[in-house]
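Coordinates in review
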Amino acid sequence: MVPDIPLGPDSEDSLTALLTRSNGGALLLDGAAGADALSATARPWTNRVTTAHTHPHALERARAILVRPDGHAAWIDAPSTPVDAAAEELRKNLTDWFGHPATLADGAARTGHL
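These notes cover the structure that comes with them.

About the cut-offs
Residues numbered from 1 in each chain as written. Predicted model: local features only at pLDDT ≥ 70, side-chain atom pairs only at ≥ 80, totals over all residues. Heavy atoms only, no water. Helix = DSSP H or I, 4+ residues; strand = E, 2+ residues; numbered from the N terminus. Buried < 20%, exposed > 50% of the residue type's maximum accessible area, 1.4 Å probe, protein only. Contact = heavy atoms within 4.5 Å. Areas by Shrake-Rupley, 256 points an atom, 1.4 Å probe, with all protein chains shown as cover. Lys, Arg positive; Asp, Glu negative; His and termini not counted. Charge placed at Lys NZ, Arg CZ, Asp CG, Glu CD. Expected span 1.5 Å × (residues − 1). Arc of directions from axis to C-beta. Pairing = 2+ DSSP bridges. Right-handed = clockwise from strand over helix to strand, strands pointing away. Core = buried A, V, L, I, M, F, W, Y, C linked by side-chain atoms within 4.5 Å.

1. Notes on the overall build of the protein chain
Helix and strand counts for the protein chain stand at 3 helices and 4 strands. Starting at the N terminus and ending at the C terminus, the protein chain contains elements arranged as α-β-α-β-β-β-α. A principal-axis box enclosing the C-alpha atoms of the protein chain has dimensions of 35 × 30 × 25 Å. Buried residues in the protein chain amount to 42% of all 114 residues. Long-range pairs, those at least 24 residues apart, make up 66% of the contacts in the protein chain between residues at least 6 apart in sequence. Carbon and sulfur atoms make up 55% of the accessible area of the protein chain, which amounts to about 6100 Å² in all. Looking at charge distribution, the protein chain has the averaged site of its 9 positive side-chain charges lying 5 Å from that of its 14 negative ones.

And the structure:
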């Protein structure tokens, strides 16, 4: 189970509050190099996965964590992983856990960014 990580730095929310509201999973990003690329990778899943930034270094030895709706980690990215490889791993895990990415016809308009 992923701990109840505080989101931020401009948010008073936590992971638990985010998962309770969202009806889906979450992609937590700590702001390390490559976080923008991972956020862009997850964009086609915004109707099922909410992207949120944490306080710097809140993820402890991870650049990103994909969290299932039940609060368990589906994928953890180490900062040492090259960004292109991490993006590919994220894409695979998003598809495995949350289905194929949305298309424009699916109406995936929710931005999902905090």
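2. Observations regarding helix α3 (residues 83-98)
Owing to its 3.6 residues per turn, the α-helix brings residues three or four apart onto one side. With 16 residues, α3 extends 21 Å from end C-alpha to end C-alpha; this agrees with the ideal 22 Å at 1.5 Å per step. When α3 is considered as a whole, its buried residues turn out to be Ala 86, Ala 87, Leu 90, Asn 93, Leu 94 and Phe 98. The buried residues of α3 occupy an angular sector of 130 degrees when projected down its axis, which confines them to one face. In the core, the buried residues of α3 are packed alongside β1 (25-29), α2 (35-42), β2 (49-53), β3 (64-67) and β4 (73-77). With its phi angle positive at about 85 degrees, Gly 99 sits one or two positions after the end of α3.

3. A closer look at the pairing of β1
With 5 of 5 residues buried, β1 is to be regarded as a mostly interior element. Along β1, one buried face is formed by Gly 25, Leu 27 and Leu 29 and the opposite face, lined by Ala 26 and Leu 28, is buried too. Where β1 and β2 come together, 5 bridges link them in parallel fashion. Opposite Leu 29, over in β2, you have His 53 as the bridge partner. Taking the sense of rotation as the criterion, the β-α-β connection linking β1, α2 and β2 turns out right-handed.

4. Looking at the nonpolar core
With 16 residues, the main nonpolar core has Leu 27, Leu 38, Val 49, Leu 66, Trp 75, Leu 90 and Leu 94 as its most contacted residues. Among the secondary structure elements, those contributing two or more residues to this core are β1, α2, β3, β4 and α3. The biggest single contributor to this core is α3, with 5 residues. Among all residues touching Leu 94, those that are not within four sequence positions of it are Thr 41, Ala 42, Trp 45, Val 49, Leu 66 and Gly 99. In terms of nonpolar packing, the next biggest core, distinct from the first, is built from 13 residues, Ile 5, Leu 18, Ala 26 and Ile 65 among them.

5. What to know about the environment of Ala 40
Here Ala 40 lies in helix α2. On the basis of relative accessibility, which here comes to 36%, the residue Ala 40 falls in the partly exposed class. Ala 40 sits 11 residues away from Thr 51 along the chain, and the two C-alpha atoms are 9.7 Å apart.

Coordinates in, geometry out; function isn't part of it.
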